[in-house]
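Remarks on the overall topology
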Amino acid sequence: MNKAIEDAYIQARELYAKHGVDVDAALEKLIDIKISLHCWQGDDVKGFLFNDKTLSGGIAVTGSYPGRASTPDELRADLDEALSLIPGKHKVNLHAIYADTEEQVDLDSLEPRHFQRWIDWAKERGLGLDFNPTLFSHPKAEDGFTLSHTDPEIRKFWIDHCKASRRIAETFGRELGQPCVTNHWMPDGFKDTPVDRWSPRARLRDSLDEIFAEEIDERYNIDAVESKLFGIGSESYVVGSHEFYMGYAMSRGKTVCLDAGHFHPTEVISNKLSSILMFTDQLLLHVSRPVRWDSDHVVTMDDELLEIARELVRGNLLPRTHIGLDFFDGSINHIAAWVIGVRNTQKALLRALLEPIEQLKKIEADRDYTSRLALVEEFKSYPFGAIWDYFCERSGVPVREDWLSKVKTYEKEVLHKRGQKSGVLQ
């Protein structure tokens, strides 16, 4: 242990202790929080199942930073590098198009064996896996509709794909000894104002009912449904709105997914957490950063991220919340994006765990709002950074920005060579 880091930690711990904050207990809670790293940041949402596909469904990745993964082995190596720079044991979130197989197989025919190499890799490292059916970037989704499509044959294709995805997820959970969260998002919607808002939602409801009718062991698979306010090509109407999915999930015993970028620009999800978890058992949280629209920027430790973390900690909601990242930035080093996103999420959670919550709640109950405001503001400048440095040092990962030099070395030795080998700038 670096003596300067340890000394700073001891001083900071004593300062927090004056307000009854048990720093060691906070770190024990933090180390147990699993964050799901989204695989699609590593390759700009290309996937491996179809070599000739282009992105569709309102998804766009900008930038051409060299070295993106183009094979499953490359993606796993990049994830290994990122995870080596992040404290704790976490999960990896896969989309169906990331199947690792030499077979020619379409989405509706996927089986667990097409992901066996991912299972073996995760098991060897003690990681969990989450999953997502891929309802975009496919010929049967070209007109922007999938599970709510007017054509029953196209709907059946997507229903079969989602059923297959749940079986794959159940296998992940059983093989790895921790539940797999299977998140269902689809791009269905209209660019301009529709005449009939009801019928597409009725078809989506019926499709979901058929998907979830197949019994899957809930010890191994947790079903979630994700809403969106609008997207490219669905600016005026999204079938799977927040209200639709909130009603569906609560009436069917499913999990609501809240994505930080999927709401109105003036809306925040931190204020929704306690309301939803008041009436449902658990929640899936996608940590993202919208800029003017759902542009999925790399997560920074901004006000909303801090407020989300505070809500989860102050309301004791962490045990019921699954946390995953969801952004895709092709303009910067792909591995650095993961590291920045996860470490910022962990830092925000640590800051929340280091608040004198019981003291603040008592002050609020006594209606001493002056003291509440004063203490909340003063704690923003308390030395949480010294606690974070100690946490990283103790976890065997780089302290502060030292991780960046390791990413730069990996970029020079691995990522740049990928582009040279292929003869193109990826």
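Residues numbered from 1 in each chain as written. Predicted model: local features only at pLDDT ≥ 70, side-chain atom pairs only at ≥ 80, totals over all residues. Heavy atoms only, no water.

Describing a nonpolar patch on the surface
Where nonpolar side chains cluster on the molecular surface, the patch consists of Met250, Met278 and Phe279 and spans about 370 Å² of accessible area. Along the chain, Met278 turns up in the loop between helix H8 (273–277) and strand E9 (283–287). (Patch = residues over 30% accessible without salt bridge, like charges linked within 9 Å, V, L, I, M, F, W, Y side chains within 5 Å. Areas by Shrake-Rupley, 256 points an atom, 1.4 Å probe, with all protein chains shown as cover. Salt bridge = Lys/Arg side-chain N within 4 Å of Asp/Glu carboxyl O. Helix = DSSP H or I, 4+ residues; strand = E, 2+ residues; numbered from the N terminus.)

Looking at the UniProt feature "binding site: Mn(2+)" (unreviewed entry) in the protein chain
According to UniProt, the positions carrying the feature "binding site: Mn(2+)" (unreviewed entry) are His262, Asp294 and Asp296. On the basis of their most widely separated C-alpha atoms, the annotated residues across 35 residues gather in one place, lying no more than 9.5 Å apart. Mapping His262 onto the fold places it in the loop between strand E8 (255–259) and H8. A distance of 3.3 Å separates the side chain of His262 from the side chain of Glu226, its partner in a polar contact. The topology assignment puts Asp296 in strand E11 (residues 293–297). Of the residues examined, Asp296 reaches a relative accessible area of 5% and is grouped as buried. With residues near it in sequence (within four places) discarded, Asp296 still touches Ser288, Arg289, Asp326, Phe327 and Phe328. A distance of 3.0 Å separates polar atoms of two side chains, one belonging to Asp296 and the other to Ser288. (UniProt positions renumbered as here; feature names shortened; annotations may be inferred. Polar contact = N/O pair within 3.5 Å; in protein donor to acceptor, adjacent residues only side chain to side chain. Buried < 20%, exposed > 50% of the residue type's maximum accessible area, 1.4 Å probe, protein only. Contact = heavy atoms within 4.5 Å.)

Some thoughts on the packing of aromatic side chains
What the rule picks out here adds up to 17 aromatic pairs. Ring plane angle 40 degrees and centroid distance 5.9 Å describe the contact between Trp388 and Phe391, whose orientation is recorded as tilted. Taken together, the residues Trp388 and Phe391, both in helix H13 (residues 384–395) and three residues apart, mark about one turn of the helix. Cluster of aromatic residues (ring-pair linked, three or more members): Phe212, Phe244, Tyr245 and Tyr248. When the ring centre of Phe212 is taken as origin, the NZ or CZ atom of Lys254, which lies over that ring, is 4.5 Å away. (Phe/Tyr/Trp six-rings, centres within 6.5 Å; stacked < 30°, edge-to-face > 60°. Lys NZ or Arg CZ within 6 Å of the ring centre and 35° of its normal.)

A look at the pattern of salt bridges
This model, assessed by the stated rule, comprises 33 salt bridges. Taking the shortest distance from any N to any O, the salt bridge between Glu175 and Lys123 comes out at 2.8 Å. Taken as a pair, Glu175 in helix H5 (residues 152–176) and Lys123 in helix H4 (residues 116–125) lie far apart in primary sequence, 52 residues in all. The class for Glu175 is partly exposed, based on a relative accessible area of 36%. Residues joined in a network through salt bridges with shared partners are Asp73, Arg76, Asp100, Glu102 and Arg117.

So, the pairing of strand E2 (residues 91–95)
Of all five residues in E2, five are buried, a share of seventy percent or more. Covered by surrounding structure in E2 are Lys91, Asn93 and His95 together with Val92 and Leu94, the residues of both alternating faces. Sheet topology places strand E1 (residues 35–38) next to E2; three bridges connect them, and they run parallel. Directly across from His38, in E2, lies its bridge partner Asn93. A crossover connection joins E2 to the parallel strand E3 (residues 128–132) through H4; in handedness this β-α-β unit is right-handed. (Pairing = 2+ DSSP bridges. Right-handed = clockwise from strand over helix to strand, strands pointing away.)

Some remarks on the environment of Ala249
By the secondary structure assignment, Ala249 is in helix H7 (residues 242–252). Sequence spacing of Ala249 and Val225 is 24 residues, and the spatial spacing of their C-alpha atoms is 7.1 Å.

Quick notes on the packing of helix H6 (residues 198–213) against H7
Contact pair H6 / H7: the axes reach a minimum separation of 12 Å and the direction vectors enclose 35 degrees. Relative to H7, the crossing made by H6 is right-handed. Residue-level contacts link Arg201, Leu204, Arg205, Leu208, Asp209 and Phe212 of H6 to Phe244, Tyr245, Tyr248 and Arg252 of H7. A per-class count over the contact of H6 with H7 returns six nonpolar, no polar and four charged. (Axes fitted to C-alpha atoms, helices over the stretch in contact; angles between N-to-C directions. Left-handed = near helix turned anticlockwise from the far one by under 90°. Nonpolar A, V, L, I, M, F, W, Y, C, P; charged D, E, K, R; others polar.)

A look at the environment of Gly47
Tracing the backbone through its elements, the reader meets Gly47 in the loop between E1 and helix H3 (72–83). The class for Gly47 is buried, based on a relative accessible area of 12%. For the pair Gly47 and Thr345, spaced 298 residues apart in sequence, the C-alpha separation works out to 25 Å. What Gly47 contacts, discounting residues up to four positions off in sequence, is Ile97 and Tyr98.

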